[in-house]
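Remarks on the overall topology
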Amino acid sequence: MRPHETHPKDQVELPAPTAWPVILAFGLTLVFAGLLTSAAVSALGAVLTLAGCVGWFRQVLPVQQHEMVPAPHVAEAAPVVTETPDVARMKVFRDFHRARIPIEIYPAAAGVKGGLAGSVAMAVLACLHGVISHGSIWFPINLLAAIVFQNSLALPESYINSFHPLLLLVASLLHIVTSILVGLLYGVMLPMFPRRPIILGGLIAPVLWSGLLYTSLGIINPLLDQRIEWSWFVASQIGFGVVAGLVVVRQQRVKTRQFMPLAVLAGIEAPGILEEKDERSEEK
Amino acid sequence: MSSESLPISGLAGLETKPRPTWIEVLHEWLVTVDHKKLGIMYIVYALVFLVVGGVEATILRIQLAIPHAHFVSPQVFNRMFTMHGTTMIFFVAMPVLFGFANYLVPLMIGARDMAFPRLNAFSFWLTAFGGLLLYFSFLGGDGLYGAGSTPDVGWWAYAPLTSVAFSRGHSTDYWTISLLVSGFGTIGTAVNIVATVLSMRCPGMTLGKMPLLVWLNLVMSGMLLFTITPLTAAQLMLMIDRYMGGHFFDTQAGGSAAIWMHFFWIFGHPEVYVLIIPCFAFVSEIVPVFSRKPIFGYPIMVAATVCIGFVSLSVWAHHMYTIGMTSYENAFFVLTTLAVGVPTGIKIFNWLGTMWGGKIRYELPMMWCLGFLFQFLIAGLTGIMLGAAPFDWQLGNSYFVVAHFHYVIVGGILFALFGAFYYWFPKITGKMLDKKLGHWHFWLFLFGFHMTFDFMHIPGLLGMPRRIYTYEAGRGWAIWNLIVTIGVFFQAVAVLMFVFNMIHSYFRGRVAGNDPWDAWTLEWATSSPPPEYNFAVIPEVKSRRPLWDLKHPEDPDWKYE
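Residues numbered from 1 in each chain as written. Chains lettered and ligands numbered in written order. Predicted model: local features only at pLDDT ≥ 70, side-chain atom pairs only at ≥ 80, totals over all residues. Heavy atoms only, no water.

Comments concerning the overall build of chain B
The condition that has to hold: Secondary structure is summarised from DSSP: a helix means a run of H or I of at least four residues, a strand means a run of E of at least two, and numbering begins at the N terminus for each. Based on C-alpha atoms, the radius of gyration is set beside the globule rule, defined as 2.2 Å times the residue count to the power 0.38. Think of it in three bands: residues with accessible area under 20% of the maximum for their type are buried, residues over 50% are exposed, and the middle band is partly exposed, with areas taken using a 1.4 Å probe on protein chains only. Residue contacts are counted whenever heavy atoms from the two residues lie within 4.5 Å of one another. Shrake-Rupley sampling with a 1.4 Å probe provides the accessible areas, and residues are treated as covered by the protein chains on show and by no other component. Counted as positive: Lys and Arg. Counted as negative: Asp and Glu. His and the chain ends are not counted at all. A charged residue contributes its charge at one atom only: NZ of Lys, CZ of Arg, CG of Asp or CD of Glu.
Helix and strand counts for chain B come out as 15 helices and one strand. For chain B, the C-alpha radius of gyration of 24 Å lies close to 24 Å, the compact-globule estimate for 561 residues. Relative to its 561 residues, chain B shows a buried fraction of 63%. Sequence separation of 24 or more characterises 81% of the internal contacts of chain B that already satisfy a separation of 6 or more. Of the roughly 20600 Å² of accessible surface on chain B, 70% is carried by carbon and sulfur atoms. Taking the average place of the 31 positive charges on the side chains of chain B and the average place of its 30 negative ones, the gap between the two points comes to 5 Å.

Here's the deal with the packing of aromatic side chains
Residues and elements named next belong to chain B. Our working definition: Only the six-membered ring of Trp is used, alongside the rings of Phe and Tyr, when aromatic pairs are assigned; centres must lie within 6.5 Å, and planes under 30 degrees apart are stacked while those over 60 apart are edge-to-face, with the rest tilted. In this analysis the charged atom, NZ for Lys or CZ for Arg, is taken to sit over a ring once it is within 6 Å of the ring centre and within 35 degrees of the ring normal.
Under the criterion given, the structure shown has 68 aromatic pairs over all chains. With a centroid separation of 5.9 Å and 40° between ring planes, the pair formed by F49 and F91 is classed as tilted. Here F49 is found in helix α2 (residues 35-64), whereas its partner F91 is found in helix α3 (residues 74-108), with 42 residues between them in sequence. Lying across the ring of W29, K37 places its NZ or CZ 5.8 Å from the centre. Sitting over the face of the ring of W156, R467 holds its NZ or CZ atom 4.4 Å from the ring centroid.

Observations concerning helix α4 (residues 138-145) of chain A
Along an α-helix, residues three or four apart share an orientation, since each turn contains 3.6 residues. Residues and elements named next belong to chain A. Most of α4 sits out of view: six of its eight residues are buried. Every buried residue of α4 is accounted for by F139, P140, I141, N142, L143 and A145. Lining the buried residues of α4 we find α3 (108-134), α5 (157-160), α6 (165-189) and α8 (222-227).

Overview of the pattern of salt bridges
Basically, it comes down to this: By definition, a salt bridge exists where a carboxyl oxygen of Asp or Glu is found within 4 Å of a side-chain nitrogen of Lys or Arg.
For the coordinates displayed, the defined rule picks out nine salt bridges over all chains. Of the charged contacts, one joins E157(A) and R227(A) as a salt bridge, the two residues approaching to 3.1 Å between their closest N and O atoms. Taken together, the positions of E157(A) in helix α5 and R227(A) in helix α8 put the pair 70 residues apart, joining distant regions of the chain. With relative accessibility at 33%, the residue E157(A) sits in the partly exposed group. The network of salt bridges with common partners includes R292(B), D515(B), D518(B) and K551(B).

Structural notes on the domain arrangement of chain A
By a frequent convention, interface size equals the accessible area lost on bringing the separate parts together. Threshold: The domain boundaries here were taken from an automatic or database domain assignment.
What the domain assignment reports for chain A is domain 1 (11-76) and domain 2 (104-255). Just the C-alpha atoms count here: the centres of domain 1 of chain A and domain 2 of chain A sit 69 Å apart.

Structural notes on unusual backbone geometry
The residue after L61(A), namely P62(A), is reached through a cis peptide bond having omega 0°. Inspection of the secondary structure assignment puts P62(A) in the loop between α2 (39-60) and β2 (66-70). Of note, the bond from S528(B) into P529(B) is cis; its omega dihedral lies within 30 degrees of zero at -10°. Tracing the backbone through its elements, the reader meets P529(B) in the loop between α14 (478-508) and α15 (546-551).

A look at the environment of V47(A)
Note that V47(A) resides in helix α2. In the structure, V47(A) is positioned 16 residues away from V31(A) in sequence and 9.2 Å away in space, judged by C-alpha atoms.

Observations regarding the confidence of the model for chain B
All names here are of chain B. How we decide: pLDDT: the predictor's confidence for each residue, scored from 0 to 100.
Scored by pLDDT, chain B comes out at a mean of 92, with 96% of its residues at no less than 70. In this model residues 9-14 is a low-confidence stretch, pLDDT under 50, and it forms 20 contacts with partners more than four residues away in sequence or in other chains. Across the interfaces of the predicted complex, the ipTM metric reaches 0.91, alongside a pTM of 0.78.

Side note on the side chain of S398(B)
Residue and element names in this part refer to chain B. For clarity, the threshold we go by: N or O atoms within 3.5 Å of each other form a polar contact, as long as, within protein, one can give a hydrogen and the other can take it, and as long as residues adjacent in sequence are counted only when both atoms are side-chain atoms.
For S398, the location among the structural elements is in the loop between α11 (389-395) and α12 (399-429). At a separation of 3.1 Å, a polar atom in the side chain of S398 contacts the main-chain amide nitrogen of F400. The contact partners of S398, leaving out residues within four places of it in the chain, are G460, M464, P465 and R466.

Some remarks on the environment of A71(A)
All names here are of chain A. Within the secondary structure, A71 is located in the loop between β2 and β3 (80-81). The exposure class of A71 is buried, given its relative accessible area of 6%. Along the sequence, A71 and I160 sit 89 residues apart, while their C-alpha atoms lie 85 Å from each other.

Dropping the structure here:
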């Protein structure tokens, strides 16, 4: 049967059965099996493989061979029915208690802005510390980069107080990326602290974070721990927290879907809850 | 009752043919390129090897039931665990999943066959001959050299054990070459499934409206194309080492044994996902039907599967913590291993979300899926424990690992597979499996499974290494090993009941009808068993549940998707 040739409506065109695939597969297996047994087995496999390839090509070239299979007319189709035509609806409680999850949040952009503003405040305080305590603004920058280049901390003080472009690049990247991530975290968390969010996010959280680092840095990175002056460290953390918090809380809040019932949020039972589409719009 | 019809026909109106002779039947199956017949052949082939692999496992467990046992010799023990692992992975799990994929994917997407029907037949026969060649080693392994027999190097076949110096004769070559041959078949089937899904879907079935089973088999096949090739390459390298004096894995000549491990596990770990993803597919089809609700979070389920497909390609070296990698490598593979648990966890939540609030019907397919859910969760948790390098340093290569792995393979994959058998057997044969025998099968197997694999963790924690032939008394391992072995017999009896149930129901089972489960995907719209052409006229769908739309014209899904 050639392609596109018309055929009766009560017949369906299907690929013709063929023995060549099994012959080819058997031949290939024998080719390999000869490595385990005898060259004669491989030779027989090669013959079968060749025959299988030729036979297969003749099956599909110039046109694939098909067979016509009788099929009943469409009108005789069995109906698709169900024994349970009724559809039950899940009950949805719209006054669901959602006290702990904010119904308004800050957009992601607010967190990014807050993080960037906080990063500037932190950088100013850190550089001030460098100038006042070590006579160099490069000290805190090199110290930050030492998270990656730990060996630099073992070098003399003069090295840590001088300018190094690679260390500046690394420190800047670390500072900006971390600040943005923490800013995003603030954007998410601040709406969850309804009372005095600036005190919680700007003061208490940095102090807790600094305390955690103070107790653990000696184990994680003793060299870095020796170089850090903790009063300045806490001051710069608070500077970041307060500025980031102030910037974030001044942004416009957006509504979440938290006020909606859990069933809707989870997409558990769409029919009857979500807006239905119009048939015509579907057809479009 | 609503009554609509897709332009899909049953067998009504066909002329009755005379009963064919057995030689005609044999010829028909030998030359067939029909995806359904090839699917059935894959499944039957795998079931035969399931029994064979099960017998091998039973031999292993009898040997380990008590200290100082001599049920088999150490040499036979090594052969048995090698053949058991190789058989179960390559000649049971993969063929049976390919069988279901072959049978179901074209039906579910409204196609008449796979994209490349002849390649489909070729792939099946390569897989089949590969398995037969492996088992021919029982007869021909000694060869002309009088050395070797069946392979005895474990299913990982680590170097340098596979080198000519340590593995005389052809036993290892049987392992290598049979997997190479069946691997070509696997690649062919994977290509075929990808092509079929991408190019043969019926009108209206966009990617977003495909049944989850089809989506998951697409991901599985895509993964196979990436993972089988390293194994095939490694097998060829091993053949060069063994036949032509190469040194790829010869550490004394500049080669590396660790390279074999990398090649093997780049295949080996994604392979676990290759096996489990189709089982996720079964569960994703069965749970909604028996909860009487649409699947919860369809897009997330698809995204999680694709995510698993990608992440699982980067976790292989968690099998190699004990070879002494750098701390950076350890950290990377710990992180990726833990990360792959996230999308997997999402899936478990989604199945639970599907059941939540539904009208659950505790039919046999659903019961197997519930067993799967619970056990796969436990398997995932022990997987996370072993994924942490320090934990693995303590328990790597112990029976704890064996217990974890079998929790995945048996508790996860096999349970889902049994669910699939009970669910689609009526479609494939037109007969229902016997319910009473099915319940016996389920409860016996569940009991035996937990007896074996729950308690297998304990000797592992007590320090019992895997693959040991026997052990000293007084180490605290004996009682646990005895319990584990007793559990195996419960499972063996259950599997035999299942095999009997299938044979009995095929000949004497209750007639199933086209749609015994009141399901929603296209395969249930055609007759049971489906005609050669599947659909007289290619159907057109508007939603993910085309049969729901027909059964409930007043409340169709397409209004909400």
